[in-house]
Each structure stands twice: as C-alpha cells, then as structure tokens.
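Descriptive analysis of the structure
What follows is each chain in one-letter form.
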Amino acid sequence: MMELIRRPRRLRRSSAVRELVHETDVRVTDLIYPVFVVEGEKVKEPVPSMPGIYRYSVDMLKIHLKEVWETGIRSVIFFGVPDHKDACGSGAWDEHGAVQNALRMAKECFPDLICIADICLCEYTDHGHCGIVRDGKILNDETLAYLSKAAVSCAGAGADIVAPSDMMDGRIGHMRRSLDEAGYEDTLIMAYSVKYASAFYGPFREAADSAPAFGDRKTYQMDWRNKKEAIVETQLDIEEGADIIMVKPAMAYLDIVKTVSDRFEFPICTYSVSGEYSMIKAAALNGWVDEKAVVMESLTAMKRAGAGMLITYYAPQAARWIREG
C-alpha cells in the first residue's frame, strides 16, 4: 500500500488558493496615523531622519488630514511640539496649545475621525523627561496631577481617546478619576502599558524635540530584557481603568504582543515606532527592499501576533496599498 504523503503545498499552489485559505488580514480601519503638530502658521517642516514625515501647523495639518481621510484612515494620534518649554511642562494642558487647537480643528472638519491625544510631558519640559524632576530625580507621584490635567484639557478639546505614554506608576487610575470628575467619563484611555526603554525611538525624539537633557528614561520605561514585567504592567493598568492596552515598540517585541494578547481579553494596540519606519524607508530609498512588501509583511506580523490596532507612520501609504489589493 502506497504511503500517504502529506502535501501542505497544495494550499499554496496558486494565488487564488492562497487568498482563499489565508488567516490574517490588515484592514484600513486597523491603522492609526501619528502626526506632529507645531505652533504658528504655514508650517510644513520635514523631519530629516523620517523621510516623508513632517511637522505641521494646524492650518497645514487641516490640508493633510483631508488627504489622510481620503485614504480611508479613521484614527489619528496627535503629538505636540510647543514653542515654549518649562520645568513642569505646562504646555501639555494649555487650552490653546498646538494639540488642543489641532483637536478642535479635527473635530470640526472631520467629526467622525477618532482623535487620540498622546499624554506626556517630555515634549513640553525644558529637561525632556516625562515627569517632574527634582535634584536629578524623576518624581512619580508629583507627576500624576500634571498628566491628568493634560488629559482633561485634551478631552475638553475633543479627544476621543487619551493615551498616556509617560510610564509613571498609578497614572491610569489618577487619570480615570480626573476625567470622570471633569465630566469626561466617555473618554477612553489607551494606556502605553508596555513601553520599553528602546533604542528604536531615536527619530521620534528629533521629530518631537523631546530628547532628555540628562540621563535616560530607564528608571520609568521598561527594561527591554524583561517579559514577565509586561504582564504586571498590563494587569495594573487594566485594574486602574484602561480601555485599550498598547505594546511599544512593535517589530522587535512581537513576542510581547503575543503574550499580552493571549493573557488579557482587552483590545491590544501596538506602535510601529520611528526607528522601524526610518530603517524600512532608508532601505527602500536605497533600493535594498521592496517597500510595500516589507511594510505589509511587518504590519501583518503585528496583527498575527494579536494586535487589533496598529500605529504606524506608514498608515496613509498602507491604506492605499490595501485598497489597491
């Protein structure tokens, strides 16, 4: 009797069959686009380390968001780059700050756009750290009130979701209480629950002008050698009231995305950060890789690992590629 040979290749024999049986899709509605907002007018300033990415004043961002909307993107996360910085990062809760003005504009012009406000102090402080500093030490508990003030300010300007990225202990609970007390109980919190002290953030710090003036962020961002810590951080944020959990960065941390996704029945987002974008873009500009193929493979890997939402600087391009098929 002939021995039966298993032939998995039958499921790969043609494009039509592969399309029929494939498991994972990236949808346009999965994509979240990060934008950098500056003060002033008529500003569209390129970020040298991130080809194709710009810092926009609100008037120019309005034009750009129309282009983004037309690709099918329905979610944007806003990062502010203020003219003025101080020790406590007061620009983060300025009612007329760049992000607040951008949120009001976006909600007026694109009412169905999901507007996410990154909540942190690093872009707004003169020392570049994500918390209040005293005698060279980043203070945890003293920082919480300032972060909550920023969240309430952004919610009042129209943010559907606030996304605290600072990694201070206890900030989700403090922020949830502050939002509820201010009447913003429907505002979601997307917690940067698992944010590693990664070398992949370099280009972002140029774009957001947020490099620390001294030391580093390893006393509050997570040690990239650790995995169990991700479970602890996620569990704490869920208990404190987070609605969505984020893992950041993405490509080098797909095992963490998978771990968190398998462990918790909560919506999971991952952030394909600036260094990931810049590496792919540089290789593509040099003709070393097929840009579309590499981007779509990477995004699919993030989705396959368990992320339902994908923050990526490639969002508008990826949306076009998805729609083209």
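What comes next concerns the included structure. (Residues numbered from 1 in each chain as written. Predicted model: local features only at pLDDT ≥ 70, side-chain atom pairs only at ≥ 80, totals over all residues. Heavy atoms only, no water.)

1. A word on the pattern of salt bridges
Keep this limit in mind: Here a salt bridge means any side-chain nitrogen of Lys or Arg lying within 4 Å of a carboxyl oxygen belonging to Asp or Glu. Only DSSP runs of H or I covering at least 4 residues are called helices, and only runs of E covering at least 2 are called strands; the numbering of each starts at the N terminus. To sort residues, take the accessible area from a 1.4 Å probe on protein chains only and compare it with the maximum for the residue type: under 20% means buried, over 50% means exposed, and anything in between is partly exposed.
By the definition in use, this model includes 12 salt bridges. Of the charged contacts in the structure, one is a salt bridge between Asp243 and Arg176, with a shortest N-O distance of 3.7 Å. Residue Asp243 is located in the loop between helix H7 (228–240) and strand S10 (244–248), and its partner Arg176 is located in helix H5 (residues 171–181); the two are separated by 67 residues in the primary sequence. Owing to a relative accessible area of 29%, Asp243 belongs among the partly exposed residues under this scheme.

2. Examining the nonpolar core
Definition in use: What is meant by a nonpolar core is a set of buried Ala, Val, Leu, Ile, Met, Phe, Trp, Tyr and Cys residues, joined one to another through side-chain atoms within 4.5 Å. Only heavy atoms matter for contacts: two residues are in contact if any of them lie within 4.5 Å across the pair.
In this structure, Phe78 and Met190 are the most contacted members of the largest nonpolar core, which totals 107 residues. Apart from residues lying up to four places away in sequence, Met190 is in contact with Ile32, Ile116, Ile161, Val162, Ala163, Pro164, Ile244, Met246, Cys269, Met309 and Ile311.

3. What about a negative patch on the surface?
Filter applied, for reference: In this scheme, patches are assembled from residues that exceed 30% relative accessible area and form no salt bridge. Like charges are connected within 9 Å, while nonpolar side chains (Val, Leu, Ile, Met, Phe, Trp, Tyr) are connected within 5 Å. All accessible areas in this document rest on Shrake-Rupley with a 1.4 Å probe, and a residue is counted as covered only by the protein chains that are shown. Positive charges come from Lys and Arg alone, negative charges from Asp and Glu alone, with His and the N- and C-terminal ends not counted. Charge positions are represented by NZ for Lys, CZ for Arg, CG for Asp and CD for Glu.
A grouping of Glu39, Asp83, Asp94 and Glu95 is seen on the molecular surface, where their side chains present a negatively charged patch. Within the secondary structure, Asp94 is located in the loop between strand S4 (75–81) and helix H3 (98–109). Residue Asp94 is classed as partly exposed on the basis of its relative accessible area of 36%.

4. What about the packing of aromatic side chains?
By convention here, two paired aromatic rings are described through the distance between centres and the angle between planes. To be explicit about the condition: Aromatic rings from Phe, Tyr and Trp, taking only the six-membered ring of Trp, are treated as a pair when their centres fall within 6.5 Å; an angle between ring planes under 30 degrees marks them as stacked, one over 60 as edge-to-face, and anything in between as tilted. Only lysine NZ and arginine CZ atoms are considered, and such an atom sits over a ring when it is within 6 Å of the ring centre and within 35 degrees of the ring normal.
A full pass over the atoms with the stated rule returns 13 aromatic pairs. An aromatic cluster is built from Phe36, Phe79, Phe204, Tyr271, Tyr277, Tyr313, Tyr314 and Trp321, whose rings are joined through pairwise contacts. The positively charged end of Lys248 is found above the aromatic ring belonging to Phe204, 5.6 Å away from the centroid.

5. A look at the packing of helix H10 (residues 291–305) against helix H11 (residues 315–324)
The cut-off we apply is this: The angle between two axes is taken between their N-to-C directions and runs from 0 to 180 degrees, where each axis is a line fitted to C-alpha atoms and a helix contributes only its stretch in contact. When describing relative orientation, an angle under 35 degrees is termed roughly parallel and one over 145 degrees roughly antiparallel, while 65 to 115 degrees is termed roughly perpendicular and anything else oblique.
Following both chains from N to C, one finds H10 and H11 inclined at 95°, their axes separated by 11 Å at the closest point. As the angle between them shows, H10 and H11 are arranged roughly perpendicular. Touching Glu291, Lys292, Val295, Met296 and Leu299 of H10 are Gln317, Ala318, Trp321, Ile322 and Glu324, all from H11.

6. Details of the side chain of Asp30
This is how it is decided: Throughout this description, a polar contact denotes any pair of N or O atoms lying within 3.5 Å of each other; where both atoms belong to protein, one of them has to be capable of donating a hydrogen while the other can accept it, and for residues adjacent in sequence the pair is counted only when both atoms sit in side chains.
Locating Asp30 in the fold gives a position in the loop between helix H1 (15–21) and strand S1 (31–38). Since its relative accessible area comes to 1%, Asp30 is described here as buried. Side-chain polar atoms of Asp30 contact the side chain of Lys303, separated by 2.8 Å.

7. Comments concerning the environment of Ala319
Within the fold, Ala319 resides in helix H11. In this structure the C-alpha to C-alpha distance between Ala319 and Val68, which are 251 residues apart in sequence, comes to 9.2 Å. Contacts of Ala319, omitting those with residues within four sequence positions, involve Val28, Leu31, Thr71 and Ile73.

8. With respect to the state of the cysteines
Heads up, the rule is: To count as a disulfide, a pair of cysteine sulfur atoms needs to be within 2.5 Å.
Under the definition given, this model contains zero disulfides. The thiol sulfur of Cys115 is not disulfide-bonded, and the nearest other cysteine sulfur, from Cys109, lies at 10 Å.

Shape descriptors only; they carry no functional weight alone.
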